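Spelled out from the first residue to the last, the chains are:
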Amino acid sequence: MNRQLMVKYYDHPEPFRLEFGGEIKNLRIAYHTYGSLNERCDNVVWVCHALTANSDVQDWWPHTVEEGMFLDPSRYFIVCANFIGSPYGTTCPLSENPDTGQPYYADFPCYTIRDIVNAHRLLADALGIGVVHTLVGCSVGGFQAVEWAVMEPERFERLALMATDGIATPWTIAIDESQRMCIEADSTYGEPRPDAGAAGLAAARAIGLLSYRGPSGYNLTQCDSEEFPAKRRAVTYQRYQGEKLVKRFDAYSYHAILDSFDSHDVGRGRGGMYAALSNIKARTLVIGLTTDIVFPPTDMIALAARIPKAKYAEIHSPFGHDGFLVEYLQLNALMKPFMEQ
């Protein structure tokens with residue numbers, strides 16, 4: 001199956017206004033769908049993807065979009081949209097600025113998680129989607145999901161939040177700033193070319209991975225087989241992962257996404273986070289990961305406590321924040337009963 005042929009596009013006919021001023025002209029949203037909408041139009045599952053993922057859920061979330069799993073395309077109509085600023089088909093810093101005829105690069109307008117959700121809303125309306133059976137968000141995707149559930153509480157019957165929060169905490173912002181510092185330290189960043197800041201992006205990815213996997217994940221998978229190898233396995237792994245991201249991403253988009261990540265505060269303009277979360281009407285499942293150091297279980301338990309009708313569950317994994325991508329059997333055991341209630 002050619003995944004590239006599966007991608008679809010929605011082109012918004014009007015300028016897209018942004019929360020903090022500015023606009024995006026000719027907004028394009030890339031998205032994937034799996035399965036079919038049933039006659040009652042009540043089987044929609046909307047997935048919000050994480051930082052460097054794309055709209056093809058099968059590509060980045062193994063063993064989830066399969067028959068018998070919680071994203072079963074024979075049962076549900078599954079939708080995932082690539083968010084603003086991500087270089088997988090939706091308008092991003094490498095897209096053409098219609099005012100100049102050249103890519104935006106560093107001139108891409110500032111946007112927020114709330115803007116990303118408003119773009120999702122445009123797509124949902126264009127697809128004729130009303131009530132959503134389940135809204136699923138993991139990590140930065142969870143930022144989008146919790147924002148959307150507050151913004152349109154009547155639209156969602158169920159809400160599944162994994163390894164996320166209602167606000168970007170100082171800890172998560174510090175992780176992002178460390179990565180931005182890497183990109184900005186690359187002297188090529190700012191040059192009008194798509195590969196500018198590539199070395200900085202590789203370093204940023206290496207730093208990000210430390211927080212995603214944590215000590216248990218590294219100590220389990222990156223031990224050396226020799227007493228004194230020529231190159232330590234953990235060293236080559238960090239460099240490999242940095243180079244791997246550079247081949248599929250760009251520094252301008254990564255920097256812009258980190259900025260939007262830091263904007264997340266579901267309580268902004270709504271009387272604070274507690275007041276905002278109390279407006280969620282969807283039956284909610286909050287899933288934490290035992291070794292996640294980005295969104296620790298204590299934070300996830302607190303998030304669940306602030307959402308009406310929310311339940312907390314936990315995945316046991318040595319792989320930290322990335323555990324939601326790895327522990328698909330545990331995840332399925334939690335999600336299937338929740339979605340079938």
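Residues numbered from 1 in each chain as written. Predicted model: local features only at pLDDT ≥ 70, side-chain atom pairs only at ≥ 80, totals over all residues. Heavy atoms only, no water.

Peer 1: Would you mind going over the nonpolar core with me for this structure?
Peer 2: Soluble globular proteins: nonpolar side chains tend toward being buried together. Counting residues in each nonpolar core, the largest one holds 68 residues, and the members touching the most others are W46, I84, Y254 and I280. In terms of residue count, helix α4 (residues 140-151) provides more of this core than any other element does, seven residues in total. When sequence neighbours within four positions are dropped, the list of residues in contact with Y254 reads L51, T52, Q179, I183, L201, A204, R205, Y212, L245 and F249. Judged by nonpolar contacts, the second largest core, of 29 residues, contains W60, I78, M162 and F338. (Core = buried A, V, L, I, M, F, W, Y, C linked by side-chain atoms within 4.5 Å. Buried < 20%, exposed > 50% of the residue type's maximum accessible area, 1.4 Å probe, protein only. Helix = DSSP H or I, 4+ residues; strand = E, 2+ residues; numbered from the N terminus. Contact = heavy atoms within 4.5 Å.)

Peer 1: Any chance you could explain the pattern of salt bridges here in plain terms?
Peer 2: Once the charged atoms of two side chains with opposite charge are near each other, the side chains can pair. Scanning all chains against the criterion turns up 22 salt bridges. Of the charged contacts in the structure, one is a salt bridge between R75 and E340, with a shortest N-O distance of 3.1 Å. With R75 in the loop between α2 (57-60) and β6 (77-81) and E340 in helix α12 (residues 328-340), this pair connects stretches of sequence that are 265 residues apart. We classify R75 as partly exposed; its relative accessible area is 44%. For E340, a relative accessible area of 39% corresponds to the partly exposed category. Two residues, E340 and K336, come together in a salt bridge whose shortest N-O distance is 3.9 Å. Residue E340 and its partner K336 are both found in helix α12; the two are separated by four residues, about one turn of the helix. A single network of salt bridges, built from pairs that share partners, joins E19, R114, E147, R268 and R270. (Salt bridge = Lys/Arg side-chain N within 4 Å of Asp/Glu carboxyl O.)

Peer 1: Just checking my understanding: could you explain the pairing of β6 for this structure?
Peer 2: In regular strands, side chains alternate between the two faces of the sheet. Across the five residues that make up β6, a large majority, five, are buried. Alternating positions in β6 separate into two faces, F77, V79 and A81 on one and I78 and C80 on the other, with burial throughout. The pairing of strand β4 (residues 28-34) with β6 spans four bridges and is classified as antiparallel. Bridge pairing links T33 to V79 in β6. Where strand β5 (residues 44-48) lies against β6, four bridges are found, and the strand directions are parallel. Its bridge partner being in β6, V47 is matched across the sheet by C80. (Pairing = 2+ DSSP bridges.)

Peer 1: Explain the pairing of β4 to me, please; I cannot follow it from the model alone.
Peer 2: Counting buried positions along β4 yields six of seven residues, so the element is predominantly enclosed. With four bridges connecting them, strand β1 (residues 8-11) and β4 associate as antiparallel partners. Counterpart to D11 in the pairing with β4 is R28.

Peer 1: Can you walk me through the packing of helix α6 (residues 198-221) against helix α7 (residues 233-248) in this structure?
Peer 2: The relative placement of two packed helices is expressed as an angle between their axes plus a distance between the axes. Running from N to C, α6 and α7 cross one another at 135°; their axes reach a closest spacing of 8 Å. Here α6 is positioned oblique relative to α7, judged by the angle of their axes. The hand of the α6/α7 crossing is right-handed. Each of A198, L201, A202, R205, A206, L209, L210, R213, Y218 and T221 in α6 lies in contact with α7, whose residues at this interface are R233, Y237, Q238, Q241, G242, E243, L245, V246 and R248. In terms of residue class, the contact of α6 with α7 is made up of ten nonpolar, four polar and five charged. (Axes fitted to C-alpha atoms, helices over the stretch in contact; angles between N-to-C directions. Parallel < 35°, antiparallel > 145°, perpendicular 65-115°, else oblique. Left-handed = near helix turned anticlockwise from the far one by under 90°. Nonpolar A, V, L, I, M, F, W, Y, C, P; charged D, E, K, R; others polar.)

Peer 1: What am I meant to see in the side chain of Q241 here?
Peer 2: Its location among the elements puts Q241 in helix α7. Those residues in contact with Q241 that lie beyond four places of it in its chain are R205 and L209.

Peer 1: For this particular structure, what's the right way to read helix α8 (residues 251-262)?
Peer 2: Working note: α-helix, 3.6 residues per turn, so residues spaced by three or four point in the same direction. When the terminal C-alpha atoms of α8 are compared, their 17 Å separation across twelve residues agrees well with the 16 Å that a helix rising 1.5 Å per residue should span. Most of α8 sits inside the fold, with eleven of its twelve residues counted as buried. Contacts made by the buried residues of α8 are with α3 (113-126), α4, α5 (170-185), α6 and α7. Two or three places before Y252, at the opening of α8, D250 has a side-chain oxygen 3.1 Å from that residue's backbone nitrogen. (Expected span 1.5 Å × (residues − 1). Polar contact = N/O pair within 3.5 Å; in protein donor to acceptor, adjacent residues only side chain to side chain.)

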